[in-house]
Amino acid sequence: MSLHNLSALFEPAAVAVIGASNRPDSVGHVVMRNLLEGRFPGPVMPVHPEQRAVTGVFAYPDVDSLPETPDLAVICTPAPTVPGIVAALGRRGTRAAVVVSGGLGAPASGGGTLQQAMLAAARPHGLRILGGTSLGLMVPRAGLNASFSHVAALPGRVAFVSQSGALSSTILDWALPRGIGFSRFVALGDGADVGFDDLLDFLGNDPATGAILLYIESISQRRDFLAAARFAARNKPVIAVKAGVGEIVDAPPPAATLSSFLATPDAVFEAALRRAGILRVHSLDELFGTVETLARARPVHGDRLAVLATGGGTGMMATDELARAGGRLATLAPETLQRLKTVVRTPGNPADIGPGAGERYGQALKILDADKGVDAILVMHAPYTLTSSAEAARQVIAATREIGASVLTCWVGGHEASVGRRLFAEAGMATYDTPRAAVRAFMHMVEHRRTQEMLMETPPSLATDFHPDVATARRVVDAALAEGRALLTEPETKTILAAYGMNVVAARIAATADEAAAVADDIGYPVAVTIHSPDILRKWDVGGVALTLENADAVRAAAHAMANRLRSRRPEARFDGFLVQRMVPRLHARQLVMGIATDPLFGPVILFGEGGRAVEVVRDHAVGLPPLNIPLAREVVSRTRISRLLEASQDRPAADVQAVCMALAQVSQIVIDLPEVVELDINPLFADDKGTTVVDARMKIARAPAIGQARLAIRPYPKELEEWGELRDGRRVLLRPIRPEDEAAYRALKDRMSPEDVKNRFFGGAGPVTHAQMARYTQIDYEREMAFIVMDGKEALGSVRTITDPDNRHAEFAISVRSDMKGQGLGRTLMDKVIRYTRSRGTDEIGGQILASNRAMIGLAKRLGFAVKALPDAEVVEVSLPLR
């Protein structure tokens, strides 16, 4: 991931076309024509070894003959020639190339593939490559069409990045008649060098881009992708279509755990997009419709929709669509219903305003806007003889300007309704032609709000403050690995879960039926007895479960019977005896499934959903990426249908959802602490008003890879960076990475800084800081951004932050110390910590800008070895320290 020379792709001063041609059906000819017809303002230089001119432009025989160095080259020659051309361009000083040529997976003469040879030729010169097999790129406002597309893009505020050249052409053809324009249009092709992560970093900071659209088939660099996506999604909407859902299998293979079966690659990818703040849609219509909605509609603050329609039929169609989409119809307050009676034909939700509404549209909108239980309003209109669609639209537009609610419109019909939709478009309002499209747009707004809230969530400290017995868990894992076992027994699994604070039903192993009866006598009745075999993961499938056994004879009979069934149904399976455990009397318990699976790309993931015997059939589950805190766990739970069954109903008390979320956080911590754990099934996990209990559990382990926590797609809190220090007054303080739950302490730190210190830190007066801003300071990915905070108990005394560019060349620091803590050596302690950290990650240089009036900080920088350089702005100096 690097921004190095990416500007040359999008803002070149001169372009060369290698392989330009006068043959009309050739790629080189189309690229030349597109560059010229796009009116690119700089030189366009064709390169062809034999042609004197191409498309009327003087041509050059090779790269060395070019009269000036092109910033960007488009390579349209056969694959075997590409590595040599890239080497020549690199020597010449070209900074970027679009490689249209395909077939780079073929062997190169010197070994390896042509693609590897191409990258090796580019690397010494820092030349960036888009492709191979790329359709090219366009920057319409700059007149740059460096592609062989048959359609040129219109200028706009949306950036589109695709891995498919064919789909890119389709998108351009689809967008042109709809008037959809683009700020940047990029076809990645093979993505040999420039990938999604590079472009997300670039586009996230691009002032010309208001939203980013992605068409994704696959990614390879998960951490880079997620870090760049989270950065971009904080700045602007990022919406993706992910192709390749994959095959749906009816039942898991015999050796597969439930978690590995249910956590499909598509489910994991969706979880990763959610975690990054990206909204996923499933079609091109949705993709561009969502951009239009997010751009034109006011943000929603909840998921409760009110529907106002000219007729009961259209209103009911919308509510049916809302129910199918999992949305929520707003419950109107009694006073709202009373006021609606005066302006609508049928008060309620949906509200039928009837034909000939006129100014009553505005009155009804204002009444609904005043209801605190309404988050958005959908206004629907169907053609009536007595009603003008255009006049109705004007009334809605006028009323919308006077209210604060988010208003969506749906003018159903053809010619008559199209006039109203045109008026809404001209007024900058979101409008749709079917109830389904309108409701789908609303749900996209709700989903986008949820993803943004998760990026800004401030979790409680519960998930980070519990103290698992890691040593006990590690002894169990190490002992099993020493014996060469990959599957832990149920008692071993439950020992690990108990070490992480989970409530478990203890299970004891019995070798024979008589021993099982003796165990049952010892632990008390009723008991459950199950088959104990490393080859049987789903005991119900072989009749290996017997419940509510009340005496020793019943235990013996059940044990003999299930042993016989196992020999009959799975004669090859190993038989290690029986598991006996006390039955758990939980009358109101819901059965859940919880577990760990390992995805080939994103590594360990957490599974949650409805458990029990029919879990493969029900398929009510959600996937989340570790690490999970309580809010993130709650979001995973909310994506399942069973989350509603956890609520109270009739005489059944609500389950303790906090305990369920805590269990997910505990499982997440197992993933972080024990890299050997590759799979875990907890099924069922009982959940009721008393908490959670693990009834049955299995765990698979493997020797941990040397990369350790690099196996995680998202870096967890780096506890290893914590260290204790001592102030000059003798107080011991903890210097540690910042955590999301530090928001209150960090806010208090700022509040206790004097106006002068605030000016030194923020280069001016800083007013009240919003929750979103505080979340931005305290929620970091620990990858490219790091912040250390000095804590005295629950009080923050100082903080230092560093943000490293994607190339890991330069890190910029900023430091804050509470005004009443000056003279305690905090500044030097914080700077020493951040310098050591930045050097350890291989960054070339650390630096920052300091107000010239801040003599104390400039003096500290000099003592630490920083070079000080005055800037043209006399109020600011720049300091820098080489780290290599």
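Figured I'd write up the structure that's included with this text.

Reading guide: rules and limits
Residues numbered from 1 in each chain as written. Predicted model: local features only at pLDDT ≥ 70, side-chain atom pairs only at ≥ 80, totals over all residues. Heavy atoms only, no water. Pairing = 2+ DSSP bridges. Helix = DSSP H or I, 4+ residues; strand = E, 2+ residues; numbered from the N terminus. Axes fitted to C-alpha atoms, helices over the stretch in contact; angles between N-to-C directions. Contact = heavy atoms within 4.5 Å. Phe/Tyr/Trp six-rings, centres within 6.5 Å; stacked < 30°, edge-to-face > 60°. Buried < 20%, exposed > 50% of the residue type's maximum accessible area, 1.4 Å probe, protein only. Lys NZ or Arg CZ within 6 Å of the ring centre and 35° of its normal. Salt bridge = Lys/Arg side-chain N within 4 Å of Asp/Glu carboxyl O. Lys, Arg positive; Asp, Glu negative; His and termini not counted. Polar contact = N/O pair within 3.5 Å; in protein donor to acceptor, adjacent residues only side chain to side chain. Expected span 1.5 Å × (residues − 1). Arc of directions from axis to C-beta.

1. As for the sheet that holds strand 5 (residues 72–75)
Read from one edge to the other, the open sheet built from five strands follows the order 2-1-5-6-7, with strand pairing classed as parallel. The sheet is open, and its two edges are formed by strand 2 (44–47) and strand 7 (128–131), each paired on a single side. Averaged over all adjacent pairs, the angle separating strand axes in this sheet is 20 degrees, with direction ignored. With four bridges connecting them, strand 5 and strand 6 (residues 96–99) associate as parallel partners. Pairing of leucine 72 across the sheet is with alanine 96, part of strand 6. Against the sheet, helix 3 (residues 82–92) contacts strand 1 (15–18), strand 5, strand 6 and strand 7, and its axis sits at roughly 170 degrees relative to strand 5.

2. Some details on the packing of aromatic side chains
Going through the model one piece at a time under the given rule, you end up with 14 aromatic pairs. Ring geometry for phenylalanine 182 against phenylalanine 185: centres 5.1 Å apart, planes inclined by 85 degrees, an arrangement best described as edge-to-face. For the pair phenylalanine 182 and phenylalanine 185, a shared accessibility class is recorded, and that class is buried. Here the aromatic cluster, defined as three or more aromatic residues joined through ring pairs, consists of Phe160, Phe182 and Phe185. For the cation-ring pair, lysine 242 lies above phenylalanine 269, with the distance from its terminal atom to the ring centre recorded as 4.9 Å. Between the NZ or CZ atom of arginine 739 and the centre of the ring of tyrosine 717, over which it lies, the distance is 5.4 Å.

3. What to know about the pattern of salt bridges
With the rule as written, the count across this model stands at 47 salt bridges. Where lysine 539 meets glutamate 490, a salt bridge forms, and the shortest distance between an N and an O atom there is 3.0 Å. Of this pair, lysine 539 sits in the loop between strand 23 (527–531) and strand 24 (545–549) while glutamate 490 sits in helix 19 (residues 490–499), and the two are 49 residues apart along the sequence. Note on accessibility: lysine 539 and glutamate 490 belong to one class, buried. For aspartate 792, the salt bridge goes to arginine 731, with nearest N and O atoms at 2.9 Å. In this pair, aspartate 792 is assigned in strand 34 (residues 785–792) and arginine 731 in the loop between strand 32 (723–726) and strand 33 (732–737), connecting sequence segments 61 residues apart. Residue aspartate 792 is classed as partly exposed on the basis of its relative accessible area of 23%. According to the relative accessible area criterion, arginine 731 is partly exposed, its value standing at 30%. Within this structure, Arg274, Asp303, Arg328, Glu447, Arg450, Glu635 and Arg639 form a network of salt bridges that share partners.

4. A few points about the side chain of arginine 698
The topology assignment puts arginine 698 in strand 31 (residues 697–701). This buried residue, arginine 698, is left without a salt bridge; glutamate 490 holds the nearest opposite charge, at 5.2 Å. There is a polar contact of 3.2 Å between the side chain of arginine 698 and the backbone oxygen of serine 533. In this structure the side chain of arginine 698 is engaged in a polar contact, spanning 3.2 Å, whose partner is the backbone oxygen of isoleucine 536.

5. Here's the deal with the environment of isoleucine 171
Mapped onto the secondary structure, isoleucine 171 falls in helix 5 (residues 165–175). Put simply, isoleucine 171 and arginine 304 are 133 residues apart on the chain and 33 Å apart in space, counted from C-alpha to C-alpha. With sequence-adjacent residues up to four places away left out, isoleucine 171 is seen in contact with Phe160, Phe182, Phe185, Leu284 and Phe288.

6. Regarding the environment of alanine 710
Turning to its location among the elements, alanine 710 is positioned in the loop between strand 31 and strand 32. As a C-alpha pair, alanine 710 and lysine 750 span 40 residues in sequence and 34 Å in three-dimensional space. Those residues in contact with alanine 710, other than ones at most four positions away along the chain, are Arg222 and Arg223.

7. Some words on the environment of aspartate 201
Counting through the fold element by element, aspartate 201 comes out in helix 6 (residues 196–204). Spatially, the C-alpha atom of aspartate 201 lies 40 Å from that of valine 412, the residues being 211 residues apart in sequence.

8. Some remarks on helix 21 (residues 552–569)
Here helix 21 is 18 residues long and its end C-alpha atoms lie 26 Å apart, about the 26 Å a rise of 1.5 Å per residue gives. Listed as buried for helix 21 are Ala552, Val555, Ala558, Ala559, Met562, Ala563 and Leu566. Taken down its axis, helix 21 places every buried residue within 130 degrees of arc, on the same side. Structural note: helix 21 exposes Asp553 and Ser568 on the side pointing more than 90 degrees away from its buried face.

9. Quick notes on unusual backbone geometry
The residue after asparagine 349, namely proline 350, is reached through a cis peptide bond having omega 15 degrees. Locating proline 350 in the fold gives a position in the loop between helix 12 (334–340) and strand 17 (351–352). With omega at 0 degrees, the peptide bond leading from proline 626 into proline 627 counts as cis. One can find proline 627 in the loop between strand 28 (621–624) and helix 23 (630–638). Here the phi dihedral of threonine 55 falls at roughly 50 degrees; this positive angle occurs in a residue that is not glycine. Here threonine 55 shows up in the loop between strand 3 (53–54) and strand 4 (57–58). Classification of threonine 55 as partly exposed rests on a relative accessible area of 27%. One non-glycine residue with positive phi stands out, namely threonine 548, at about 55 degrees.

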